[in-house]
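Each chain, written out:
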Amino acid sequence: MSDAMRAAASLYNDPRYFSASEVRIRKNKLRRARIFRRQVFLLFAAIAVLIFTGILFASTIKSHAQSDEFVPSFKYYKTVTVHTDDNMWSIARENYSPDHYDDVKAYITEICSINNISDPDRLSAGENIVIPYYSEEFK
């Protein structure tokens, strides 16, 4: 491209040499481009909100759902008298429920906290302790 053609092209692209209708057309084109970008952004934002709402709704329904076979169990307390050969482990093993405690040690920890027992190995015969148990029967 020659220098004269390059100069003519630069004059054609110079906004000072546009007619009023060309300026109006260019401004309208820019305005339509902004409107289109805004609409695309709003469309994607609306889709994202719908997806997020759908996921939240589905997870809420799924997390609160219970099967038809679900049977609730209720927590109760009973008093147990410690006999001569009893210790905390034997009492706990008799009444332990694996559905409600991680292990027997967790159950013993709860028994100790209920009865204010600092050392579970020091039980006296004839002592009464309160222990929790679970039942499906509502009393």
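This text goes with the structure placed above it.
Residues numbered from 1 in each chain as written. Predicted model: local features only at pLDDT ≥ 70, side-chain atom pairs only at ≥ 80, totals over all residues. Heavy atoms only, no water.

## A closer look at the packing of helix 3 (residues 88-95) against helix 4 (residues 104-115)
Inclusion rule: In this description, a line fitted to the C-alpha atoms serves as the axis of each element, helices being fitted only across the stretch in contact, and the angle between N-to-C directions of two axes falls anywhere from 0 to 180 degrees. Secondary structure follows DSSP: runs of H or I at least 4 residues long count as helices, runs of E at least 2 residues long count as strands, and numbering of each begins at the N terminus. When an angle is under 35 degrees it counts as roughly parallel; over 145 it counts as roughly antiparallel; between 65 and 115 it counts as roughly perpendicular; any other value is oblique. Contact between two residues is taken to exist if any of their heavy atoms lie within 4.5 Å; hydrogens are not considered.
Remark: helix 3 packs on helix 4, axes separated minimally by 10 Å, with the N-to-C direction vectors making an angle of 110 degrees. As the angle between them shows, helix 3 and helix 4 are arranged roughly perpendicular. Along its contact with helix 3, which presents M88, W89, A92, R93 and N95, the element helix 4 presents V104, K105, Y107, I108, I111 and C112.

## Observations regarding the nonpolar core
Defined as follows: The definition of a nonpolar core used throughout is a set of buried Ala, Val, Leu, Ile, Met, Phe, Trp, Tyr and Cys residues joined through side-chain atoms within 4.5 Å. Three labels apply to residues, based on accessible area from a 1.4 Å probe with only protein chains included: buried if under 20% of the type maximum, exposed if over 50%, partly exposed otherwise in between.
Within the largest apolar cluster, 15 residues are counted, with the highest numbers of intra-cluster contacts made by M88, I91, L123, I129 and I131. Of all the secondary structure elements, the ones that give two or more residues to this core are helix 3, helix 4 and strand 2 (128-135). Considering each element in turn, this core owes the most residues, five residues, to helix 4. Leaving out residues up to four positions away in the same chain, I131 has contacts with Y76, Y77, K78, V80, I91, N95, Y107 and I111.

## Focus on the packing of aromatic side chains
Here is the rule: Pairing of aromatic side chains here covers Phe, Tyr and the six-membered ring of Trp, requires ring centres within 6.5 Å, and sorts the geometry by plane angle: under 30 degrees stacked, over 60 edge-to-face, intermediate tilted.
Throughout the structure, instances matching the rule amount to five aromatic pairs. Aromatic side chains F74 and F138 sit 5.1 Å apart centroid to centroid with 65 degrees between the ring planes, which places their arrangement in the edge-to-face category. Of this pair, F74 sits in strand 1 (residues 74-81) while F138 sits in the segment after strand 2; the two residues are 64 residues apart in sequence, bridging distant segments of the chain. The exposure class assigned to F74 is partly exposed, which follows from its relative accessible area of 26%. You can call F138 exposed: its relative accessible area is 65%. Note on Y101 and Y134: the rings are 6.0 Å apart at their centroids and 65 degrees apart in plane angle, and the pair reads as edge-to-face. Of this pair, Y101 sits in the loop between helix 3 and helix 4 while Y134 sits in strand 2, placing them 33 residues apart in sequence.

## Things to note about the side chain of N95
In this fold, N95 is placed in helix 3. Once residues lying within four places of it in the same chain are set aside, the contact partners of N95 are K78, Y107 and I131.

## Some thoughts on a nonpolar patch on the surface
Keep this limit in mind: Two joining distances apply to patches: 9 Å for like charges and 5 Å for nonpolar side chains (Val, Leu, Ile, Met, Phe, Trp, Tyr), and every residue must have over 30% relative accessible area and no salt bridge. The accessible surface values rely on the Shrake-Rupley method and a 1.4 Å probe; as for residues, cover is taken only from the protein chains in view. Any Lys or Arg side-chain nitrogen found within 4 Å of a carboxyl oxygen on Asp or Glu counts as a salt bridge.
Side chains of L43, F44, I47, I51 and I55 sit close together on the surface and give an oily, nonpolar patch of about 510 Å² of accessible area. Relative to the helices and strands, F44 resides in helix 2 (residues 20-64).

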